[in-house]
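# Understanding the architecture of this molecule
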Amino acid sequence: MSEERVGVYVCHCGSNIASVVNVEDVAVWAKEELADQGVVVARDYKFMCSSLGQELIQDDIKEHGLTRVVVAACSPHLHEKTFRTACNRAGLNPFLCEMVSVREQVSWVHTDKELATNKAKAMIAGGVERVVHHQPLEPLHVPINPATLVVGGGIAGIQAALEIADSGFPVYLVEREPTIGGHMAQFDKTFPTLDCAACILTPKMVDAGAHPNITLLTWSEVERVDGFVGNFTVTVRKKARYVREDVCTGCGICIEKCPVKVLDQNFEAGLGYRKAVYRPFPQAVPKYPVIDTENCTYFKRGKCKACQIFCPTQPNSIDFEQKDQFIQIQVGNIILATGYDLFDPRRIPQYGYGRLANVFTSLEFERLCNAAGPTNGDIVLRDGVTKPKSVGIIHCVGSRDRRYNNYCSGICCMQSLKFAHLVKERTGADVYNFYIDMRTAYKDYDEFYQKVLEEGVHFVRGRVAEVTDAARKPGEEGKLIIQVEDTFIGKQRRIPVDMVILSAALQPRADANEVAQKFGIACSTKGWFIEKHPKLDPVATMTEGIYVAGCAQGPKDIPSTVAQGAAAAARVLGRIQMQELALEPIRASVIEEKCSGCRICNDMCPFNAIIFHEDRMVTEINPALCQGCGTCVAACPSNAITGTQFSTEQIMAQIEGLLMFNVEGELIREMAYA
Amino acid sequence: MAEKQFEPLIIGFTCNWCSYRAADLAGMSRAKYPPNIRLIRLMCSGRMDPEFALKALRSGADGVIITGCHPGECHYLEQNYKALRRYLLLRRTLKQFGIEPERVRLIWASAAEGARLAQELTKAVEEIRALGPLSWHNVVAADGDRPLELQHLEEVAA
């Protein structure tokens, strides 16, 4: 005989439940047959979740001195909070309330009224048996550190950092390159408005660099992340620049005097040169240069020091002895905006990239037509002088292709149209676009397509088979010939051009998996970070306190990237304003006396919540790190680990209750307390 | 008159994040499955202690269904893999007891797969129905301690 006083409440949900389950019968049955299990009152009501329904429960708690409540209604995901709050209002600990889902799991999925009613009764018996083992619990309150870490200084990260910093909260912006700006800083124009990318980006970069609330950590990488939502401790490796940021004025004399020229594979995409002491581009933020030790004469041969000799600052800004620094920062929330890698078109050898000189990647072309780029904006062939008379632009290179990436990179159609327009405008060349489908969704994009069509750009629908320099027909000599099936006319065509641009796919960062693991978030098999919900929670992740923005989550254009950066910032700001976060008190804990120190549980936890005390040979669980999955509880061979709200006693009791009678409703087992 | 069809009793364990939500979705989309299944919510399939299954089978269930997030989609990163390991061990243990391992089944279902979960549950009910009632009397001696299978093996050996 249970000592608890249980109230059972069966909801009609209008006719949603009552049309299949005989709710009146269930309530009468519960009061009579479950009396031994502690049921002292059982009622049915039209809408339990209405204020009148809730008052019914609250009044009973007070009048009948209920110590436990079972509500048989809809899914707990819908109304558990409602009924817990009602219990709380009546002075009963909210965690002493259990919900039984007789709508989603009975009336909506079953048709036989008798069998459905039997099942509802069994489920209520399970709920009653379980609820007597519930413990009063208090939610865990964790304070939220108002500082935020933003990883990645591309446009997504910059936007997020600025939004948070402008609201008055501190931000650490970590960027692995010497400057913030990301891919956008390399672009010439942005579609569909043809704004100059630098003109709209650099003011934001300067804002971020000068913002009193933003601590810029460029040429830095996150090494380690410890802690949990509200209280992360992040270790950042600040790589040695060999330039003292505290004294350098960014005058650039060291760069001027450096005698070593290096092909810039990074920012200039291999088209231009930089020095061994360099900043990627003149408007770099921060303005301090970096010494590239692999190419610096001093680091290679111990001689030169031209930069140091000519540095005008006092004390000298060049410090060859600088070492990597490890900085620990405390933050409450983290936004990951680590961006994308460009697909390497060498993987498609038939397109000739890397073999045929005048095949360019989209990023190379961006640099080529950028006024600040290696050719000062002249669109020329690899020889640096010849203007192309005809240009072929190939879409979907590495996207929408089962051999490489199934997905659509989303931006390439618009990017290719932009290229077509720029080539046409600046060289007057014939332009051919080779596409599979033209995808120009979103604001003003299709209008741009129409405009490019009117400009006389040729469009050929079909996937390019090959780009070759082997001429077969007159007129093809010295040209790159694009072999393609024009699917509109159903014929093979060979189109000779001077220049080919490959619109390469956006890919997840090569180290995306590693990064995801470091931050404890999920990553798709491809390598895109997985958001909490693809539609309704696009910037949060399954890990509390960690948000994603920009291309790290999937390929997207600049407007969507900026929107996500701002959205992630808004989510973080909401969290910061709360100051404190209440977490469900579903946690595992170790009963030390029972722990044999076998350490079986130690490897079970992906959140590193389990600590083993070597001295006492016992395991302990850090409740702040524990997420409550219960895997260690199930693993413990000595039953030394208990999990609140999902204890073994609760589940065992629920099993017994559920098996009180069979499908036909015949009693198959005497109840435990009977 | 046709003989009454055997109605198996099945306990299903669901994870809070995927399969329980799939069950919710099955309800919301009014997908139908037989009322032979009674579900229990766990936070994660990783919480699935094989003892729960044994307890259910011992207490009158004819089958047990374990459900969780698809591999790689676990809310707790990787705990469903641990559930998978325990499930495989559990099936082996059951076999040693002389119980058809098919009485315990594993279904991965994401929160979006309400209809699929309903189909899988229906299939599971039919297949467990085909196995017939779980009869401990054929497996365990009357005192409930010794598995009969072992006794039988001893006889053969002798």
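This text follows the structure it describes.
Everything in this summary refers to the structure shown in the same document.

This part is about the packing of aromatic side chains. Residue and element names in this part refer to chain A. Overall, the coordinates contain 17 aromatic pairs over all chains when judged by the stated rule. Considering the side-chain rings of Phe267 and Phe281, the 4.6 Å spacing of their centres and the 10° angle between planes classify their relative orientation as stacked. Placement of Phe267 in the loop between strand E13 (261-264) and strand E14 (272-275) and of Phe281 in the loop between strand E15 (277-278) and strand E16 (290-291) is noted, with a sequence separation of 14 residues between them. By relative accessible area, Phe267 is classed as buried at 8%. Centre to centre, the rings of Tyr432 and Phe434 are 6.4 Å apart; their planes meet at 25°, and the pair counts as stacked. The exposure class of Tyr432 is buried, given its relative accessible area of 16%. Grouping aromatic residues by their ring pairs yields a cluster made of Tyr242, Tyr298, Phe299 and Phe320. Above the ring of Phe646, the side-chain terminus of Arg130 is found at 5.1 Å from the ring centroid. The lysine or arginine in question, Lys257, covers the ring of Phe310, its NZ or CZ lying 4.8 Å from the ring centre.

Take the sheet that holds strand E20 (residues 359-361) of chain A next. All names here are of chain A. Spatially, the five strands line up as an open sheet ordered E20-E27-E21-E22-E23, and their pairing is parallel. Edge strands, defined here as strands with exactly one partner in the open sheet, are E20 and strand E23 (458-461). Adjacent strand axes in the sheet meet at a mean angle of 20° when their direction is disregarded. Alignment of strand E21 (residues 390-397) against strand E27 (residues 499-504), held across five bridges, turns out to be parallel. Bridge pairing in E27 places Val397 opposite Ala504.

Quick look at unusual backbone geometry now. Residues and elements named next belong to chain A. The peptide bond linking Val285 to Pro286 adopts the cis configuration, its omega dihedral lying at 0°. Counting through the fold element by element, Pro286 comes out in the loop between E15 and E16. Looking along the chain, the bond that leaves Gln314 and enters Pro315 is cis, with omega of -10°. Secondary-structure assignment places Pro315 in the loop between helix H10 (306-310) and strand E17 (325-331). One non-glycine residue, Trp219, adopts positive backbone phi at about 55°. If you trace the backbone, Trp219 turns up in the loop between strand E10 (214-217) and strand E11 (220-228). Overall, Trp219 belongs to the buried group, its relative accessible area being 18%.

Another aspect to go through is the interface of chain A and chain B. Of the residues lining the interface, 49 residues belong to chain A; the matching set on chain B comes to 48 residues. Connecting chain A to chain B are three salt bridges. Across the salt bridge formed by Lys4 of chain B and Glu664 of chain A, the nearest N and O atoms sit 3.6 Å from each other. At the surface where chain A touches chain B, the tally comes to 20 residue pairs in polar contact (both at pLDDT 80 or more). Breaking the side of chain A that touches chain B down by element, the ones donating at least two residues are helix H3 (76-89), helix H4 (103-107), helix H5 (113-131), helix H16 (631-635) and helix H17 (648-658) of chain A. Looking at the side of chain A that touches chain B residue by residue, the classes come out as 24 nonpolar, 16 polar and nine charged.

Conventions adopted
Residues numbered from 1 in each chain as written. Chains lettered and ligands numbered in written order. Predicted model: local features only at pLDDT ≥ 70, side-chain atom pairs only at ≥ 80, totals over all residues. Heavy atoms only, no water. Phe/Tyr/Trp six-rings, centres within 6.5 Å; stacked < 30°, edge-to-face > 60°. Helix = DSSP H or I, 4+ residues; strand = E, 2+ residues; numbered from the N terminus. Buried < 20%, exposed > 50% of the residue type's maximum accessible area, 1.4 Å probe, protein only. Lys NZ or Arg CZ within 6 Å of the ring centre and 35° of its normal. Pairing = 2+ DSSP bridges. Axes fitted to C-alpha atoms, helices over the stretch in contact; angles between N-to-C directions. Contact = heavy atoms within 4.5 Å. Salt bridge = Lys/Arg side-chain N within 4 Å of Asp/Glu carboxyl O. Polar contact = N/O pair within 3.5 Å; in protein donor to acceptor, adjacent residues only side chain to side chain. Nonpolar A, V, L, I, M, F, W, Y, C, P; charged D, E, K, R; others polar.

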